[in-house]
Amino acid sequence: MAQNPLLLNMLVTFHRFAPSAELPRQRLELYRGISKLQLDDRPKARLITMLLSYRKNMVLLQKIAMGMVQSNRFTLPKAALLAFLEKQPHLQREDIAPAAWLQQIVDVSELLVEREPGEYEFPHATFQGFFAASLLAQPEDLETIQKHAGLVLQNWNEAIWRETVLLYTAQLT
């Protein structure tokens, strides 16, 4: 992993935050660790209270990534992203404004970035693939598992699905 600049940077970040922890040996574990670090550990260390729990933030990022992969997009306009977030039960139940959640995710976790004004994306396509794959690989009922596997098989050759397919299959073992 250390030959890839992104993965090397993630390993260094992981080690810098938890120098005594064993470094992840697989990409999937590295992405899981960095997500936990960015959404939970780092905000706690900075005494920042996240609007949603780690798990609920993960669910929203997974849904965003899956929607982007399915619509063949690497970026989302702010209006479309906010419209999507307004429908999410986690934000509705907690009475959290979608714009406030989005701003915190951009400013604190940096797992969504605004590279161009009004255009949001994951910091790297591999993060989008990781979040989408994590959603697809979650164990549910047999029908959903088969549906997700069929979706992956149907799109395995599409460029935007590359990381999703690789990280999905890594979770099946």
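Further up the page is the structure itself.
All figures in this text were calculated on a predicted structure; none of them were measured in a lab. (Residues numbered from 1 in each chain as written. Predicted model: local features only at pLDDT ≥ 70, side-chain atom pairs only at ≥ 80, totals over all residues. Heavy atoms only, no water.)

### Focus on unusual backbone geometry
Residues other than glycine seldom take positive phi values, yet Leu-47 does so here, at roughly 60°. In this fold, Leu-47 is placed in the loop between helix H2 (27–45) and helix H3 (54–70). With a phi close to 60°, Asn-72 is a non-glycine residue in the positive phi region. The topology assignment puts Asn-72 in the loop between H3 and strand S1 (76–77). (Helix = DSSP H or I, 4+ residues; strand = E, 2+ residues; numbered from the N terminus.)

### Examining helix H6 (residues 98–109)
Residues lying three or four places apart along an α-helix face the same way, a consequence of the helix completing one turn every 3.6 residues. Here H6 is 12 residues long and its end C-alpha atoms lie 16 Å apart, about the 16 Å a rise of 1.5 Å per residue gives. Every buried residue of H6 is accounted for by Pro-98, Trp-101, Leu-102, Gln-104, Ile-105, Val-106, Val-108 and Ser-109. Where H6 is buried, its residues touch H2, H3, helix H4 (78–86), helix H5 (89–94) and strand S3 (119–121). (Expected span 1.5 Å × (residues − 1). Buried < 20%, exposed > 50% of the residue type's maximum accessible area, 1.4 Å probe, protein only. Contact = heavy atoms within 4.5 Å.)

### Overview of the sheet that holds strand S2 (residues 113–116)
One open sheet holds the three strands; their spatial order is S1-S3-S2, and the pairing between them is antiparallel. Whereas interior strands pair on both sides, the edge strands pair on one side only; in this sheet they are S1 and S2. Two strands pair when backbone bridges link them, and S1 and S3 are joined in this way by two bridges, in the antiparallel orientation. Within S3, the position partnered with Leu-76 by the bridge is Tyr-120. (Pairing = 2+ DSSP bridges.)

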